[in-house]
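Observations on the three-dimensional arrangement
What follows is the residue order along each chain.
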Amino acid sequence: MTRPSALPRPAGELERLEAAWQPPRGWRVITDVNNTFVGLLYIGTAMLFLVLGGILALVMRAQLAVPGASVVGPGAYNQLFTMHGSVMMFLFAVPVVEAMAVYLLPAMLGARDLPFPRLNAYAYWAYAIGGLAFFTSLFFGRAPDGGWFMYPPLTSTRFSPDVGADFWLLGIGFIEISAIAGAIELIVGILRTRAPGMSLSRMPVFAWAMLVVGGMVVFAFPSIILGTLLLELERAFGWPFFVPDQGGNPLLWQHLFWFFGHPDVYIIFLPAAGMVSMVVATMARTPLVGYGWVAGAVLGVGTFSFLLWAHHMFTAGLTKHSMYFVSAASLAVVVPSGIQVFAWLATLRRGRVQLTVPMLFLVGFFFVFTLGGLTGVMLAVLPFDWQAHDTHFVVAHLHYVLIGGMLFPLLAGFYYWAPLVGGRPLSDRMGRWVFGLLFAGVNVTFLPMHLTGLLGMPRRVYTYQAGLGWDGLNLVSSLGSVLIAAAVALLLLDIGRHLRSGGAEVDTDPWRAGTLEWLPHAGYGMRSIPRVESRYPLWDRPELRDEVKRGEHYLPGTVTGRRETLVTSPRRAEPQYIAILPGPGWPPLLAAVGTAAFFLLLTVKLLWLAVAGGILALVMLLVWAWGTDPGPGDGPAPVARGLSLPVYMTGRSAHSWWAMIVIMVVLGATFGSLAFAYVYLGLRAPVGWPAPGSSLPWGGWPALAAGAWLASSALMAAASRALRAGAMGWLHFLVAGGAGLMLGAIAVEAFGHLRVGLAPARHAYDATVATILCVQAATAATALVLALYALARVWRGLLDGTRRVTFDNMLLLWHYTVGQGLVGLGLVHLVPRLFA
Amino acid sequence: MQSALSPAGPAARDIASLTTLLTIGASLILLLVMGLLLYGARREPAPVSTGLWVVGGGLAFPVIVLFALFLYGARVTNTVMAPPPPGALRIEVEGRQWWWEVRYPGAAGTPVVGANELHVPIGTAVEVIVTSPDVIHSFWVPSLGGKMDMTPGQPARLALHAERPGVYRGQCAEYCGIQHAQMALLVIAEPPEAFEAWVRAEAAPAQAPAEGDPARGLAVFMAQGCAGCHTIRGTAARGDLGPDLTHLAGRRTLAAGSLPNDAGAIRAWLAAGSALKPGNRMPSYAHLDAASLDALTAYLAALR
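Quick caveat, the model's predicted, so the values are computed rather than measured.

Conventions used here
- Residues numbered from 1 in each chain as written.
- Chains lettered and ligands numbered in written order.
- Predicted model: local features only at pLDDT ≥ 70, side-chain atom pairs only at ≥ 80, totals over all residues.
- Heavy atoms only, no water.
- Helix = DSSP H or I, 4+ residues; strand = E, 2+ residues; numbered from the N terminus.
- Rg over C-alpha atoms; globule rule 2.2 N^0.38 Å.
- Buried < 20%, exposed > 50% of the residue type's maximum accessible area, 1.4 Å probe, protein only.
- Contact = heavy atoms within 4.5 Å.
- Areas by Shrake-Rupley, 256 points an atom, 1.4 Å probe, with all protein chains shown as cover.
- Lys, Arg positive; Asp, Glu negative; His and termini not counted.
- Charge placed at Lys NZ, Arg CZ, Asp CG, Glu CD.
- Core = buried A, V, L, I, M, F, W, Y, C linked by side-chain atoms within 4.5 Å.
- Salt bridge = Lys/Arg side-chain N within 4 Å of Asp/Glu carboxyl O.
- Pairing = 2+ DSSP bridges.
- Axes fitted to C-alpha atoms, helices over the stretch in contact; angles between N-to-C directions.
- Expected span 1.5 Å × (residues − 1).
- Buried area = accessible area lost by both parts, 1.4 Å probe.
- Polar contact = N/O pair within 3.5 Å; in protein donor to acceptor, adjacent residues only side chain to side chain.
- Nonpolar A, V, L, I, M, F, W, Y, C, P; charged D, E, K, R; others polar.
- Phe/Tyr/Trp six-rings, centres within 6.5 Å; stacked < 30°, edge-to-face > 60°.
- Lys NZ or Arg CZ within 6 Å of the ring centre and 35° of its normal.
- Patch = residues over 30% accessible without salt bridge, like charges linked within 9 Å, V, L, I, M, F, W, Y side chains within 5 Å.
- Domains from an automatic or database assignment.

With that out of the way, let us pick up the overall build of chain A. Assigned secondary structure in chain A consists of 24 helices and four strands. Taking 836 residues into account, the globule formula puts the C-alpha radius of gyration at 28 Å, and chain A, at 27 Å, falls close to it. Residue burial in chain A is summarised as follows: out of 836 residues, 64% are buried. Of the contacts made within chain A by residues no fewer than 6 positions apart, 80% connect residues no fewer than 24 positions apart. For chain A, the exposed area adds up to about 28,000 Å²; of that, 69% sits on carbon and sulfur atoms. Here chain A contributes 51 positive and 38 negative side-chain charges, whose respective centroids are spaced 3 Å apart.

Okay, the nonpolar core next. With 360 residues, the main nonpolar core has Phe92 and Trp417 of chain A together with Phe139 of chain B as its most contacted residues. Ranked by the residues each element gives to this core, the list is headed by helix α3 (residues 74–109) of chain A, at 23 residues. Excluding residues that lie within four positions of it along the chain, phenylalanine 139 of chain B makes contacts with Val93, Trp100, Leu118, Val128, Val130, Gly146, Lys147, Met148, Met150, Leu158, Leu160 and Leu185 of chain B. Ile232, Tyr285, Leu293 and Leu300 of chain B belong to the second-largest nonpolar core, a separate cluster that totals 23 residues.

For the coordinates displayed, the defined rule picks out 30 salt bridges over all chains. Notably, a salt bridge pairs arginine 3 of chain A with glutamate 552 of chain A, separated by 3.2 Å at the nearest N-O pair. Taken together, the residues span a long stretch of sequence, with arginine 3 of chain A in the segment before α1 (13–20) and glutamate 552 of chain A in the loop between α17 (544–550) and β1 (563–568) at a distance of 549 residues. The partner of arginine 233 of chain B in a salt bridge is aspartate 244 of chain B, and the shortest N-O contact between them spans 3.8 Å. Here arginine 233 of chain B is found in the loop between α4 (213–223) and β11 (253–254), whereas its partner aspartate 244 of chain B is found in the loop between α4 and β11, with 11 residues between them in sequence. Each member of the pair, arginine 233 of chain B together with aspartate 244 of chain B, is buried. Salt bridges linked by common partners bring Arg3, Arg541, Glu543, Glu547, Arg550 and Glu552 of chain A together as one network.

All names here are of chain B. If you walk across this open sheet you meet the three strands as β4-β10-β9, and the pairing is mixed. Every other strand in the sheet has two partners, leaving β4 (117–121) and β9 (166–171) as the edge strands with one partner each. On average, each strand axis in the sheet is tilted by 25 degrees relative to the strand beside it, whichever way the strands run. Here β9 pairs with strand β10 (residues 184–190) via six bridges, running antiparallel. Among the inter-strand pairings, glycine 166 is bridged to a residue of β10, identified as alanine 189. Across the face of the sheet, helix α3 (residues 192–203) comes into contact with β4 and β10 while running at roughly 140 degrees to β4.

Let's shift gears to helix α6 (residues 290–301) of chain B. Residues and elements named next belong to chain B. With 12 residues, α6 ought to run about 16 Å at 1.5 Å a step, and its terminal C-alpha atoms sit 16 Å apart, in line with that. Burial in α6 covers these residues: Ser292, Leu293, Ala295, Leu296, Thr297, Tyr299 and Leu300. Turning to α6, the residues buried within the fold contact α4 and α5 (263–276).

Let's shift gears to the interface of chain B and chain A. Listed as interface residues are 77 residues of chain B and, on the opposing side, 78 residues of chain A. Regarding the contact of chain B and chain A, the summed buried area is about 6,600 Å², with carbon and sulfur atoms giving 71% of it. Here chain B is connected to chain A by one salt bridge. The interface formed by chain B and chain A contains 23 residue pairs in polar contact (both at pLDDT 80 or more). Residue assignment for the side of chain B that touches chain A shows that the elements contributing at least two residues are α1 (10–42), α2 (50–80), β7 (148–150) and β9 of chain B. Per-element accounting of the side of chain B that touches chain A gives the leading share, 19 residues, to α2 of chain B. By residue class, the composition of the side of chain B that touches chain A is 46 nonpolar, 24 polar and seven charged.

Right, let's get into the packing of aromatic side chains. All names here are of chain A. Across all of its chains, the model carries 63 aromatic pairs over all chains by this definition. Consider the rings of tyrosine 124 and tyrosine 127, whose centres lie 6.2 Å apart with planes at 65 degrees: the pair is edge-to-face. Of this pair, tyrosine 124 and tyrosine 127 are both found in helix α4 (residues 117–136), three residues apart, which corresponds to roughly one turn of the helix. Since its relative accessible area comes to 4%, tyrosine 124 is described here as buried. By way of ring pairs, the aromatic residues Phe90, Trp148, Phe149, Tyr151, Trp168, Phe221, Phe241, Phe242, Trp253, Phe257, Trp258 and Phe260 are connected into one cluster. Its guanidinium or amino end placed over the ring of phenylalanine 149, arginine 460 lies 4.2 Å from that ring's centre, counting from NZ or CZ.

All right, on to a nonpolar patch on the surface then. All names here are of chain A. A cluster of nonpolar side chains, contributed by Leu602, Leu607, Trp608, Val611, Ile615, Val619 and Val623, occupies part of the molecular surface with about 650 Å² of accessible area. Tallying contributions element by element places helix α19 (residues 607–626) first for the nonpolar patch, with six residues. Among the secondary structure elements, valine 611 is positioned in helix α19.

What follows is about the sheet that holds strand β8 (residues 156–161) of chain B. Residues and elements named next belong to chain B. Pairing within the open sheet is mixed, and its five strands lie in the order β3-β2-β1-β5-β8. Edge positions in the sheet fall to β3 (112–115) and β8, since each has one partner strand and no second. Averaged over all pairs of adjacent strands, the angle between strand axes in this sheet comes to 25 degrees, irrespective of strand direction. Sheet topology places strand β1 (residues 90–96) next to strand β5 (residues 125–131); five bridges connect them, and they run parallel. Counterpart to glutamate 92 in the pairing with β5 is isoleucine 129.

Before going further, it helps to spend a moment on unusual backbone geometry. All names here are of chain A. Geometrically, the link from proline 152 to proline 153 is a cis peptide bond, its omega value of 0 degrees lying close to zero. Here proline 153 shows up in the loop between α4 and α5 (164–192). Of the consecutive residues tryptophan 689 and proline 690, the connecting peptide bond is found in the cis state with omega at 5 degrees. Position of proline 690 among the secondary structure elements: in the loop between α20 (655–684) and α21 (700–725). Its identity is not glycine, yet aspartate 390 carries a phi of approximately 65 degrees, on the positive side. Examined against the element boundaries, aspartate 390 turns out to sit in the loop between α12 (382–388) and α13 (392–422).

Residues and elements named next belong to chain B. By the assigned domains, chain B splits into domain 1 (10–80), domain 2 (89–203) and domain 3 (213–301). Taking only C-alpha atoms into account, the centre of domain 1 sits 38 Å from that of domain 2. Taken together, the contacts link five residues of domain 1 with seven residues of domain 2. Of all residues in domain 1, the largest losses of buried area upon contact with domain 2 belong to Pro10, Ala12 and Arg13, amounting jointly to 78% of the total for that side. Taken together, the links from domain 1 to domain 2 amount to one salt bridge. At the boundary of domain 1 with domain 2, the tally comes to one residue pair in polar contact (both at pLDDT 80 or more).

Dropping the structure here:
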C-alpha cells in the first residue's frame, strides 16, 4: 500500500517534533503534562498507596493474630481498618488502573497524548496531594473510623463528633475529581483520537474496557458525589437526610453509596480484564478468540453492574421482590465474566504458551479471581448471604476478587509492559519470586477466612474471644500477610533496580506483540501516526515499525510547532482535524494545590486559608482556560500526501464539545441522584410529603421561574446566532438578558420557598428541597461565570464568529442548567401535587 | 456455639446444606477452569471453535448452572423466610451501642426487660422484632439462622427456632462503633417448662438484699448514682441508659458477652471497665474504696 507520507522527510522535521515535546529541565519537569510523564508518576503514587494501605493491614493482622491482643486499641484499630479500605479502594485500586490507561492508551490507540493533557495533570496532582494529606490524618489520630463505607447514623455528628468523618467526606472529593477527569479523557480519547483506520472493531480490547469504564464512572461516581454532599451537609449544618426522627432515612445513604460502590469494583476489574486480553494474546502468540464476544461481554459487565448494588443490603430489610431481582441480576453478571474467561482459555488453547513471568501472573489471576468470583456466586444466593454477610467470608471474597481480579493482572501488565518505559525489562527471576510469594501469601491469608466467617466471626472487629474456633485460623491468616508483604517488597525492589525511564527513544520488541504501543517511541510518542488495517497491526505488517519510525505515516512532525495529535471520526477513525495540545505549565499543578488546600483546610475549619486556596485554584483555572481556544490559526496544514487538515474545529465535532457532553451527563447523573433522594424520602415518609410543618409555595412562583428559565435559554440561543452574524451589540444585550433571567429564575424559586418558611435543619423534606435549590444555584453560578468569561474573551478579541469554541461550550452548560432547573421545578412542585 | 456450620434450628440447617452444595459446586467449577487452563496451555496449538468455547462454555454453561442455582436458592429462601405461626412468642430486641436490650411480653402490657440474653423454648418458632435507637446494628445468631440489620426508624423481624436445648452465641454483625467487637449475646434454648419458669422468674422484681454486704451494696448503688442509668425492679432505680440489672446474676456473661459472670468479674468491671471494654459508656468506679466495691459487688452478684 502507498504510505501516507513520502520519503525523504524534510530536514529538521524530527528535531522540531522533539523540541515541541521536550520536557522542562531539572525540577521544573513537574510542570510537564505529557501522558507518559504523568502516567508514571500516577502509577508510582498509586503503588505508594498500596504500600501504605498494606502496612495498615499488617498492623491489623498483627492485632488479630491471637485473641485478646493489645497491639493496638479499639479506637486505633477502627481507624486502621477504615483507612485500609479507603486507601486501597480510593487511592490505590481505581487510580492504578486509571494510571495504566493514562500511560498506555494513547500509544495503544496511535495518539501522541490524551486529548486534555492539562486536565489529566490537574487530576493527578489533586489526587496525589489530596490523597497524601488525607492519609496523614492517621498520624494525628484523627483519621475516619466509620468503615470505608461510612454508614450513618454512626457517621453523623451525634455518633462521630470528631473531624475524621469530615476528612473522609472531603478527601473523597479529590478522588471524585480525578475519576471524572479521567472519564472525560478516556471517552473522548478513545472515541476521537484513534489512529486512522482503527475502527471500533479493530480497537484493542483494553480500549473497549476503558471506554466502558469511562461510561461507568460517569454514571456511578455522581451517586457518591451526591451522597457525600448530603452527609457533609448533615454533619456541618444539621440537615437531617439520614435522621429517622426528622424524616430522614439511613438506608438512603446505603442506596447512594452502593449504587456507586458496586460499579466501582467493576471499574477496578474491567481494566484488568482488558489487560488480560492484551497479554493473553501475546503470550499465546495468537489473536484473542471471540473478540466481538469479549467486547460485548465487557459492555455487558459494565451495564449489569448497575443493577446489583442492593446485594450489599440483603440484610437491611428490603422487600422480597427486590431481593429476588437483585439476586438474579447478581448471578447474571457472572455470565459476561464467564464469556471472557472462556475466550481467554480458548486463546491459550489455540496458541503456544510459554510460562513467562506475565503468563505466571495470569495463571495466578485465573485461580484467585475464579475462586473469588465463585464465592461471589455463593453470596448472591440470599439465604447464604444472610449468614455470610458482614463476616470474614466476605472479607475473603472481596480480597480474592480484588487481588485476583486486579492485582495479578496488574503485575502481569507491569512485567509485560515494563520494557516500554525505558527499554529494559524487569527481572525474570525476581518476578517469579514475587509471583510465588504473592500467590502463596494470598491463599494462606484469605482462604482460611472463608471458614472463619462461617464459624461466626464478624467483620471489623479489633479482637475476638478465644475458644470459638477462630484462633488458629486467624493466626494462619496473619502469617500469610507476611508473605504478601514480602512479595510487594520484592516487587518494589525489582522495579527500583531495573525500571529505567526513557528520555531517549525506545525501540524494543521483547514479546513480539501485535499492538501499536510497541512501536518505536520517544517523548512525542510515535514518530508518525500509522494507518491501521487490522486488530494486530504489528503482526500483520511487521514493516510498520520502520515505516512509522521513518515518518512515512500521518503527522510525521508538528505543523504548528506545538504538541499535536490527530482527531479522527468515532466509528471508522478517519482523520478530521489536528488537535493542538498544551505543553508544560504551572496552572494545572497550582490549581490542584489550591483545590486540595481548599477542601482540606475547610475540613479543619481554617476558613480563611481555605478561601485562599480556593482563590488560587480559581485564578489558576482561569489562567489555564485563557490559554485554550487558539482559533483557526493559519488554516489547514498537511498531515500526509494530499491531505491537509484544519488545526481548529468548532461545533459538534470539536473534542471539547464532547468533553462538555460528558460533563453534562455527570451533572445530570448527580442531579438524578438528588432526585432519587427526594423521591425515596418522599415514598418512605410515614406522615406525608411535604412534611407536616412544611408546605409547597404558591404555584405561581415556579411557573414564573420556569418561564424565566426557558426565556434565558432562548435568549442565549439567539446570542449564539448573533455571534455568528457578528452582531456584537446584540450579543452583549442577549447574554445580559439571558443572565438576568437565569438569576431571576433562581431568585423567584428561592423566594417562594423562603416565604413558606423553608427550614432545612428541621426536616429532611426541607433539607432536600434546599439542596435542590443550592445545586441549581451553584450550576447557574458556574454558567454565569462562564458567560462573563466568554464576554471577556470577546472584549480582548479572542472570541468571534469563527473562533467560538469557548462560547459554544458555555452555551452547552447554559442549556443544561436550564434543563436541570426545569426538572428541579417539576420534581419539587409537580410530583407532590400529583401524588397528593 | 457461634457457627453457621453447626446448625441447631431448621433455618440454619437449610442454609448449612445449601452451603455444602455451593461449596462443592464452586470447587468443581474452579477445578474445571484450572483444568482447561492447564490443558490449553500445555497442548500443541490447535484451532478452537468459538462456538464451543465462548458460546458453549462462556455463555450457555453459566446460564444453565446459574438458572438452576437461582431456582434452588429461591426454594430455600422461601422456606427460611417463612414467618412464625400467628400467636408465636414475640420478643423485642433493641441494639444499643454495645449491648442488647431484650423485652418479653409481660402482664398488663408492661414488657419484662432484660439484657444481653434471650431464652427461647425449643421446638417452636419465636418472632424477634429488632430495632435500634442509635446506630445500625445487626442481630445474628449463626447457629439458628441468618442475620437482620437493626436500623433506626425501621423495625424488622426475624424468626428464631431452636430444635434442641443449648446455649447459642450471637454477635453484632454491623459495625457500630468502638466496641462493636464486644457486643455479643446468648440465646438459651430450653424445654418449654424450663422456659416458662425462667419467664416467671424474670418478671418478678428483685428480692430485697440480704443483711451485710449486699444491703450495704444497694446503698452504694443508690449513692453513686447508678440508678441514673440502670433499672432494678423492686428498688427505686429506674434508669434506662444502661442494661436492666434486676436479674443480673442469672445471666451467664457480663458486658454483652465480654466477661464471665462471677463476683470477680463484676468487681473487675466496676473498677476497670474502661480497660476491659475501652470506650464503653459506663463511667469507672475505681475511685470507690475497697469496702464499697466489695459491698456493691456482693449486691449485684446476688441479683438472681
